[in-house]
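# Notes for the structure review
In case you want the letters, here they are:
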Amino acid sequence: MNERLRTAITEHGLTFEALADACSVDPKTVSRWVAGRMPHRRHRWAVANCLAVDEMYIWPEQRTVSATSELAASQPSGIIETYTNRASVPRDLWLSLLRDATHQIDVLVFSGTFFAQTNPHIARMLRERAEAGVRIRLCFGDPDGAAVVTRGHEEGIGDTLAAKIRASLTYYRNLVHVAGCEIRLHDTTLYNSLFRYDEHLLVNPHIWGQPASANPILRLRNTASSEWFAPYTASFDAVWATARPWTPDHRHPYKEH
């Protein structure tokens, strides 16, 4: 709960509806801001101006965000954070990056099981982003492909990886006909799992013989000086170009046409 925002609204004798009208948003959006969601920059400025308070007073965490942006701008790699393993990435970060994406979401994985299991509303949220005009590309490993067989052997889990992919795909079967959302299957050696949200990119390097979840994550931000962002996103495009569209069999969700 953003108590400072709620108090400022109350002290100015405003309702959520009045503030929403002043900021040209839906009242439900204001409710989300009060509940703790971070508004876009233009809305933060509009709220602060309407309530005659400093933006940093209402959202003090912006100081950290600004410092992080400055760090990214000064790093040729574009790295702004690193995590020991995937479990170390805050769940709120995954959610906020997805919610705040305005033009592009790309995901490249073998199974990506955690992506759905840690967020039971993933399909709905992706649909909402697509309906808002965001281009969504989800690329999973082909459960019948040679690359998945090799990876399963390297991890010592045999056919389990293929089964995990089929199970993971069931979460997204209702997205295949959503405009702006595409799902494909690749059969390539995957050196990194990639999660792109506009100009933010989470890179999960793969260490031989270990599951992706046990490997570190690099968080990159695309800036004028960043050198790593473009090669990673280009690698996604290269894999995507060779992948085949996935069409689920709704009678048997674990199968495909």
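Residues numbered from 1 in each chain as written. Predicted model: local features only at pLDDT ≥ 70, side-chain atom pairs only at ≥ 80, totals over all residues. Heavy atoms only, no water.

### Here we look at the sheet that holds strand β6 (residues 200-205)
Sheet architecture is open: eight strands sit in the order β1-β7-β6-β5-β2-β3-β4-β8, paired in mixed fashion. Each having just a single partner strand, β1 (79-83) and β8 (244-245) make up the two edges of the open sheet. In the sheet, strand β4 (residues 181-186) pairs with β8 via two bridges, with the strands oriented antiparallel. The residue bridging Arg184 from the neighbouring strand is Pro245, located in β8. (Pairing = 2+ DSSP bridges. Helix = DSSP H or I, 4+ residues; strand = E, 2+ residues; numbered from the N terminus.)

### Here we look at the packing of helix α2 (residues 16-23) against helix α3 (residues 27-35)
Look at α2 against α3: their axes get within 8 Å of each other, and the N-to-C directions meet at 105°. On the basis of the axis angle, α2 is roughly perpendicular to α3. Between α2 and α3, the contacting residues are Phe16, Glu17, Leu19, Ala20 and Cys23 on the first element and Pro27, Val30, Ser31, Trp33 and Val34 on the second. Across the contact of α2 with α3, the residue classes break down as eight nonpolar, one polar and one charged. (Axes fitted to C-alpha atoms, helices over the stretch in contact; angles between N-to-C directions. Parallel < 35°, antiparallel > 145°, perpendicular 65-115°, else oblique. Contact = heavy atoms within 4.5 Å. Nonpolar A, V, L, I, M, F, W, Y, C, P; charged D, E, K, R; others polar.)

### Regarding unusual backbone geometry
Positioned with a positive phi, Ala52 is a non-glycine residue whose angle comes to about 55°. Although it is not a glycine, Asp198 sits at a positive phi angle of roughly 55°. Mapped onto the elements of the fold, Asp198 is located in the loop between β5 (192-197) and β6. Using a relative accessible area of 10% as the deciding quantity, one classes Asp198 as buried. (Buried < 20%, exposed > 50% of the residue type's maximum accessible area, 1.4 Å probe, protein only.)

### Considerations on the pairing of β6
The side chains of a regular strand alternate, first on one face of the sheet and then on the other. Here β5 pairs with β6 via six bridges, running antiparallel. Opposite Asn192, over in β6, you have Pro205 as the bridge partner. Between β5 and β6, which pair antiparallel in sequence order, lie two residues; one of them, Asp198, sits at a positive phi of approximately 55°. Across four bridges, the pairing between β6 and strand β7 (residues 217-221) is antiparallel. Bridge pairing in β7 places Leu201 opposite Leu220.

### Notes on the packing of aromatic side chains
For any pair of aromatic rings, the description consists of the separation of the ring centres together with the inter-plane angle of the planes. Scanning all chains against the criterion turns up nine aromatic pairs. Taking the centre distance of 5.3 Å and the plane angle of 65° together, the rings of Trp94 and Phe114 count as edge-to-face. Of this pair, Trp94 sits in helix α7 (residues 91-100) while Phe114 sits in helix α8 (residues 113-117), and the two are 20 residues apart along the sequence. Judged by its relative accessible area of 12%, Phe114 falls in the buried class. Ring plane angle 80° and centroid distance 6.4 Å describe the contact between Trp94 and Phe115, whose orientation is recorded as edge-to-face. With a gap of 21 residues between them, Trp94 in helix α7 and Phe115 in helix α8 connect regions that are remote in the sequence. The residues Trp94 and Phe115 share a single accessibility class, namely buried. Through successive ring pairs, a cluster of aromatic residues spans Trp94, Phe114, Phe115 and Phe195. Lying across the ring of Trp240, Arg137 places its NZ or CZ 5.5 Å from the centre. (Phe/Tyr/Trp six-rings, centres within 6.5 Å; stacked < 30°, edge-to-face > 60°. Lys NZ or Arg CZ within 6 Å of the ring centre and 35° of its normal.)

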